[in-house]
Each structure stands twice: as C-alpha cells, then as structure tokens.
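# Architecture at a glance
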Amino acid sequence: SNAAPTVSANPLVIGATSGAAVQSTPYKITYDQMKSALSAADTDGAWFSFVVTKISNGTVWKGSSPLSTYPAAPVGEAPGSALIGPNEEIIYVPTLNLSGDAVEVMRVRVFDGLDYSAEAVVAVKIVALNQVPTMTDVQLMGPAIQAIAYPFTYDALRLKTNASDVEEPLPT
C-alpha cells in the first residue's frame, strides 16, 4: 500500500530570512525552495511533484507558459501544465504594488503518482519599493501683484494640485 505524501500545517515563508521578492518584480521559486518551506515528504518514495490547485496575487509562469491550476486534486492525475517537479522552477509575477511579509502565491498538493497530500499554502515575502509620487496639474493661485511677494502655505499649494503618493496619503 502507498502512504500519501505530507506537508507542514504551518509552512515557512519563502524569502522570509533572505532573498525576498521585490515589489512589482518577477521572482524565481524553485522546487527545492517549495519542498523545504512546506516540509514536503513521502515516506515510501523520494520522487514527488507539486500540483498547483490555486494561484493568488499575481501570475505564475513555468518556462514561457502560464502555469495552470488543477483544482480537482485530490482526484485524478493533474496535467503537466499544473505540475512542478524536481529540478524545475517557476517565475512568480506579483500583482502591481503588492508587498507583505507572507503573501500567498499559490496553493499546492504534493502528488507521488498515486496519492495527494493535504493542500498547503506557498507564501513569499515581498519587500516594498518606494513609489515615485506623481503630480501632473497645478491650478493657478492668486490674485497676486507683479514684483510683490505672494506668501502661501504648503496646504494652500497642495489644494491646487493633483499630487498623489501610493505609500502615504497626502493632506487634502
């Protein structure tokens, strides 16, 4: 009889201690990183693959093709486009401007060719980047008299612009 593969109920976050992903930047995740983070194991065999059941917070690529999902697991055998096997890697492209200490990338099950493990979450640490503030419009201020100083405050100037910064709200 075959023993089903296992995964940790409390998986580690990939990149939590070093090598974190960077906001809005593609990030490589290897089979070995997933195996380690999920503590994936199969007591009666060394070979197993990861079957992707759900993708979250971005897109995932395997080679030049988007990775597909096989939400029907644990029933049947998943198509190759939803598998991550030994010595393979995937590229995760996070949703624009997404960051966090444990961002869910996908859900997987370990498959040994006969049985599936419980579902596990693959999470990645994504470091935030400073986003450049924007401003495309400044309305006229005044009335002012030529050659005479025109005093104004930051708040008065800010109210005459469409300045924005995604990291912090500007006073309105």
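Shown above is the structure to which this text applies.
Residues numbered from 1 in each chain as written. Predicted model: local features only at pLDDT ≥ 70, side-chain atom pairs only at ≥ 80, totals over all residues. Heavy atoms only, no water.

## Comments concerning the pairing of strand E3 (residues 49-55)
Remark: a regular strand shows side chains that alternate across the two faces of the sheet. Of all seven residues making up E3, five are buried, and the element is well covered by its neighbours. Sheet topology note: the E3/strand E8 (residues 100-111) ladder contains six bridges and is antiparallel. Bridge pairing in E8 places Lys 54 opposite Arg 107. Pairing of E3 with strand E6 (residues 83-84), which is carried by two bridges, proceeds in the antiparallel orientation. What sits directly across from Val 51, in E6, is Leu 83. (Buried < 20%, exposed > 50% of the residue type's maximum accessible area, 1.4 Å probe, protein only. Helix = DSSP H or I, 4+ residues; strand = E, 2+ residues; numbered from the N terminus. Pairing = 2+ DSSP bridges.)

## Regarding the nonpolar core
Ranked by internal contacts, the top residues of the largest apolar core, which has 27 residues, are Ile 29, Met 34, Phe 50, Ile 84 and Met 106. Examining the composition of this core, we find that five residues originate from one element, E8, more than from any other. Those residues in contact with Phe 50, other than ones at most four positions away along the chain, are Tyr 31, Met 34, Lys 35, Leu 38, Ala 40, Ala 82, Leu 83, Ile 84, Val 108, Arg 109 and Val 110. Judged by nonpolar contacts, the second largest core, of eight residues, contains Tyr 70, Ala 73, Ala 78 and Ala 82. (Core = buried A, V, L, I, M, F, W, Y, C linked by side-chain atoms within 4.5 Å. Contact = heavy atoms within 4.5 Å.)

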